Amino acid sequence: MEIMFNTSSWCPALLMAVASLCPMFCSSSDPNSITYSVSPMADPARLQSAGLPAGGGWQADFSYPQLRPQTGDAEQAAAVTALLYRLIPDRAAAVSVQVDSGLLDQAGRDQFIVGASGGRVQVLASSGVAAAWGFHHYLKYVCHAHVSWDSDQLELPRPLPDANITVRANDRFRYYQNVCTVSYSSVWWGWARWQRELDWMALNGLNLALAFTGQEVIWRRVFMRLGLTKAEVDEFFSGPAFLAWNRMGNLQRWGGPLSEDWHQQQLTLAHQIIARMRLLGITPVLPAFAGHVPQNFSRMFPDAPTSRLRCWGKLNTTYTCTVFLEPASTLYRKIGNAIVRELQLEFNGTEHVYNCDSFNEMTPPSSALAYLREAGNATLAAMTGADPQAVWLMQGWLFLSPFWKTERAKAYLTSVPTGRMIVLDLYSEVAPVYNRFESYYGQPFVWCMLHNFGGQLGLQGTVQSVVKGPFEGRSFANSSMIGTGITMEGIFQNYVMYDLMLEMAWHTESPDPVQWASDYSLRRYGPAISRPTVMAEAWDHLMTSVYNHDGAKLTHRVHIRFITTKRPSLDMENDLWYNTSDLAAAWDRLVTGASAAEVRAAANLQHDLVDVTREVMSLLLADFFEQLRDAYRAGDRLLLQERGTLILELLSDMDEVLNTNKAFLLGDWLRQAQEVATGKQERKQYVYNALNQLTLWGPDANIVDYAAKQWAGLVGDYYRARWVVFVSYLEERLDKSLPYNQTELDSHYFSQVEQPFTFTNATYSHEPVGETAEVVPRMYRKYRPALDAQGAHARKQQLFM
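By convention here, each chain's residues receive numbers from 1 onward along its written sequence. It should be noted that, the model being predicted, local features are given only for residues of pLDDT at least 70 and side-chain atom pairs only at 80 or more, the latter also being counted only at that level, while totals for whole chains, interfaces and linings use all residues. Just so you know, side-chain values use all the structure's heavy atoms and leave hydrogens and water out.

> I'd like a rundown of the state of the cysteines, residues and numbers included.
Disulfides are defined in this document as cysteine sulfur pairs within 2.5 Å. The full count for this structure, using the stated rule, is 1 disulfide. One disulfide in the model links C311 with C321; its S-S distance is 1.6 Å. Between C311 and C321, the S-S dihedral sits near -100°, and the bridge is therefore left-handed. Placement of the pair is C311 in the loop between strand 10 (306–308) and strand 11 (323–325) and C321 in the loop between strand 10 and strand 11, with a sequence separation of 10 residues. Here C311 falls in the partly exposed class, since its relative accessible area comes to 33%. Helix numbering and strand numbering both begin at the N terminus, where a helix is a DSSP run of H or I of at least 4 residues and a strand a DSSP run of E of at least 2. Type-normalised accessible area, obtained with a 1.4 Å probe on protein chains alone, sets the label of each residue: buried when under 20%, exposed when over 50%, and partly exposed for intermediate values.

In C-alpha cells form, the structure reads like this:
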C-alpha cells in the first residue's frame, strides 16, 4: 500500500521519522530519538478462522472498520488541536497535528509519529485519538510531564525539546470503563467535567468506551410506544446513583424516581459526549436491549414469555427480582430493534457497537444448551434487525459464576458468528477467563484490568500481572485478543496502576516496574522537587510491596475492604501480602524528601502524601484494634478503654489529614449531587442517593460498605461513630458480664449511626481545610514511632467477600 503525504510543512525530525517508516523500526543513535518496534500480533487471517465459520453473509474482520467514527481526518486533527489548547493554552501554538487514516495497518491498529525540532512539535497519526496519545507520549517521556485523574504536572521545558518518536499500537482497541463506573464516579458530572475526562481518554489512547448517559430517555420512549404508561416506566428506573444496576437488570426503583429535568439534562449531556468522542476518533459503545422490562409489562403483553430473575444484592422483590423477557420471543427482537432504531435517530446513527449484559450476576432461566444458544442468537438479532453491521460487546464477568460450565459458555459464545461478539475479559489481572474457554472459542476479546470494586480507596495492585498478562494473552494458543482495557468500578484511586496498565497498549516487552515507577515519580511531581531520587526510592518501596500482591492467590469474588470502613467486629482478620516496613520506608521518603514549599508547589505530591498517610493510619488502626480485641478477651477493662480512646483519636486525626485535599472530601461528592438538582426536593433525593450508595447501599444495609470511601466527613462522622458504638458495646459487655452478639451490635450500628447518617442535614466543606504541608508532617511525628513499634506484622487491611 502506497501512502502519499503533503510534507511541505513538516519539520526535519518528522520527515526523518516518516522516511524510516517500515514494518520494523531501527533504533537511532540520537538520544532524543525514541523508536519502538511493532509488537507481534495474532495474524488477522488466523484470528478470523478461529471458532465457528461466519454465516449469514458476515465476514469476520477483526480490524472492525465499521466501528470507527466517520469523522474526517481534518476534523479529528482540529479536535485534538482544541484539546491541546485546553491542556496547555500557553504552549499549544508550538504543536501542529495532522491525522491520516492511511497510517492504520491491516489489523486496524493505530500509529503515531511525533517529530520535534527547534521548539516546535509536529504530530502525525492515524486517528485523532492516536494523535492525542502521541502528544501525551511526548509529554511523558520527553518533557517529563503528567496528566491524571488527580491533577496535572505540566511544567514544560522551554523551548520544547527535540524528539523523534514512532509507536504502533499493539492491538486494535484500547477500552475504557465498567458499567458501574458511571454510578460510582461520574453520576453527577456536568459537561465541564466530562470534557476533561474525554480529553484524558484521548491523551491515553482510549478508542473504545461506553456512552450510556441518557439511555433512560430512549428506553422510556420505546416502552411507552408499546403501550406502557409513563408512571409504569418511571417506576422501573432507579435513582441516579444506582442506574448502573438498573441497566443490568439487577435493580429497579431504588433511589428513584427520575425527574423530567434529569432526563433532559442527561440527554443533552449524551449528545455532547458522543459528539466529542466522534470528533476525537473514540468509538462510543451504546446500550442495547438486554431483556429487562418494567414490572407491569404483562398488563400490555399478558402472553409474553417472561420470568423473574433471582433477587440480587440481598434486596427484596420491591427493588430486585426484575422481570425478564425471554430472548426467543419475537417481542424481544421487536423491542431490541426499536431501541437501536431510536438510538440511530437520536444520535444521527451509531458506530455499530452495542453493549448488552443479560445475565450479569444473574443466573439464566435455563441451563439447557439449546436455550443458551437461542438466547445469544436472539440478543444479536435484536441489534442486527435495525443495524445489520451491529457488533455485540459483552462484559465477561458473568463467566466467573459457577453456572458457566465449559459446555454452557461455549453454547452461548458460539451462538453468533465469529467476530459479531467482542468479550471484555473483565478481571484479567486476577481471574482471566480466555484461558479457560479456548480464547472464547474464537470470539475476539479485550484483556482488561478491573482492579477496583466500588471505588474504594486503599493502596493495592497486581503489578507483575499487569506487566506480563497482556503479553501472555496475545501469545496464548490461537489467541483472539484484540485489545487491552481498564474496567475499574470506580476511578480517583491508585492512579499509578492505571497509568501503567494503559501503557501496555504500546510496550513491546514487559517494563521493569521499579524503573518505570522511578520515571513515574519524576513525571508526577515535576522539576520543583529538589530530591527526585528520594521520591523514586519511595515509589520503589511501594511498587515492590503494596502494589505487588499476587492476584493468582485471590479468588475473583474477593473484594478488598479496609478496616477503617468495615463494620467493627471481633471476627475481623488481617491478610499480609507485603512487609509493612516497605510502607514505612515509602512514607519516610515522601514526608522528608521535599520541603514544605516544594509540597505546596506540587499538587500531585500533596495528594500522595495524604493517600499514603491515610494508608499508614489504616495500618495502625488495625494494630490498635488487635490490642483492643486482646484486652476484651482478657477482660482487661482499663486497657480496653485506653485502646478505644487511641482508636478514636487516630480516626479524628485521619479525618484531619483527609480534609487537606479536595480528592478526599465527602463535601465535594455531595456538592456535585446538589448542583445537578433543580429544586429542594430533588436536592434532598440526590444527597440521599449519594450518601446511601457510600454507606448502606440499599434500604436495609443490603450491600453495606461496598462502595465505602475513606473521605473526610465519612471518617470523622460515620466510621468513627461506629467505632464509638463498638468500643462502648465491648465495655458494656465486660461491665455487665453480657455475651457478645454480632447481630445485636449490627442493629446498633444501623439504628444509631448508619441510617441516620443517610438523612443527615450536616454540611461538609467541598474545599480543603488545613494544609497538607503542615498536617502530614505533624501526623508523621506523632505516629511514626507507633509504626516502628508495630513492626512487620500482618497487613492491616481486610480481604472479605
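> Lay out the pairing of strand 2 (residues 95–99) in plain terms, naming residues and giving numbers.
When a strand is regular, its side chains alternate between the sheet's two faces. Side-chain alternation along strand 2 places V95, V97 and V99 on a buried face and S96 and Q98 on a face that remains uncovered. Bridge analysis of strand 2 against strand 4 (residues 120–125) gives 5 bridges, and the strand direction is parallel. Bridged to S96 within strand 4 is Q122. Pairing between strands is defined by DSSP: at least two bridges between the two strands are required.

> Would you mind going over the pattern of salt bridges in detail, with residue names and values included?
Note on pairing: side chains with opposite charge can pair once their charged atoms come close. Within this document, salt bridges are pairs made up of a side-chain nitrogen of Lys or Arg and a carboxyl oxygen of Asp or Glu, the two lying within 4 Å of each other. The tally for this structure, following the rule as stated, stands at 45 salt bridges. Ionic pairing is found between D499 and K140, a salt bridge with its closest N-O pair at 2.7 Å. Residue D499 is found in helix 17 (residues 495–503), and its partner K140 is found in helix 4 (residues 128–141); the two are separated by 359 residues along the sequence. An identical accessibility class is assigned to D499 and K140; each is buried. The partner of R778 in a salt bridge is E774, with the nearest N and O atoms 2.9 Å apart. In this pair, R778 and E774 both sit in helix 28 (residues 772–790), 4 residues apart, roughly one turn of the helix. Each member of the salt-bridge network shares a partner with another, and the members are R567, D705, R722, D746 and E754.

> So what's going on with the sheet that holds strand 9 (residues 292–293)? Residues and values would help.
With respect to topology, 3 strands assemble into an open sheet ordered 9-11-10, the strand pairing being antiparallel. Pairing within the sheet leaves two strands with one partner each, and these edge strands are strand 9 and strand 10. Judged from the 2 bridges that link them, strand 9 and strand 11 form a sheet pairing that is antiparallel. Within strand 11, the residue paired with H292 across the bridge is F324.

> Could you give an account of the environment of S428, naming the residues involved and the relevant values?
For S428, the position within the fold is in the loop between strand 14 (421–425) and helix 15 (438–441). Separated by 45 residues in the primary sequence, S428 and G473 place their C-alpha atoms 9.0 Å from one another. Any two residues whose heavy atoms approach within 4.5 Å are treated as being in contact. Sequence-distant contacts of S428, defined by excluding residues within four places in its chain, comprise V446, W447, C448 and S465.

> Could you give an account of the side chain of Q395, with specific residues and numbers?
Positionally, Q395 belongs in strand 13 (residues 391–395). A polar atom in the side chain of Q395 sits 3.4 Å from the backbone nitrogen of V179. Once residues within four sequence positions are removed from consideration, Q395 is found in contact with N178, V179, M248, N355, D357, N360, L424 and L426. Between N or O atoms, a polar contact is any pair within 3.5 Å; within protein, one atom must be a potential hydrogen donor and the other a potential acceptor, and residues adjacent in sequence are included only when both atoms are from side chains.

> Break down unusual backbone geometry for me, with residues and values.
Across the chain, the bulk of peptide bonds are trans and the bulk of non-glycine residues have phi less than zero. Of note, the bond from R158 into P159 is cis; its omega dihedral lies within 30 degrees of zero at -5°. Assignment of secondary structure puts P159 in the loop between helix 4 and strand 5 (163–168). Between G256 and P257 the backbone carries a cis peptide bond, its omega angle lying at 5°. Looking at the element boundaries, P257 is found in the loop between helix 9 (243–247) and helix 10 (260–280). With phi around 55°, Y440 is a residue other than glycine that occupies positive phi space. Relative to the assigned elements, Y440 resides in helix 15. Here the phi dihedral of N494 falls at roughly 50°; this positive angle occurs in a residue that is not glycine. Here N494 shows up in the loop between strand 16 (481–486) and helix 17.

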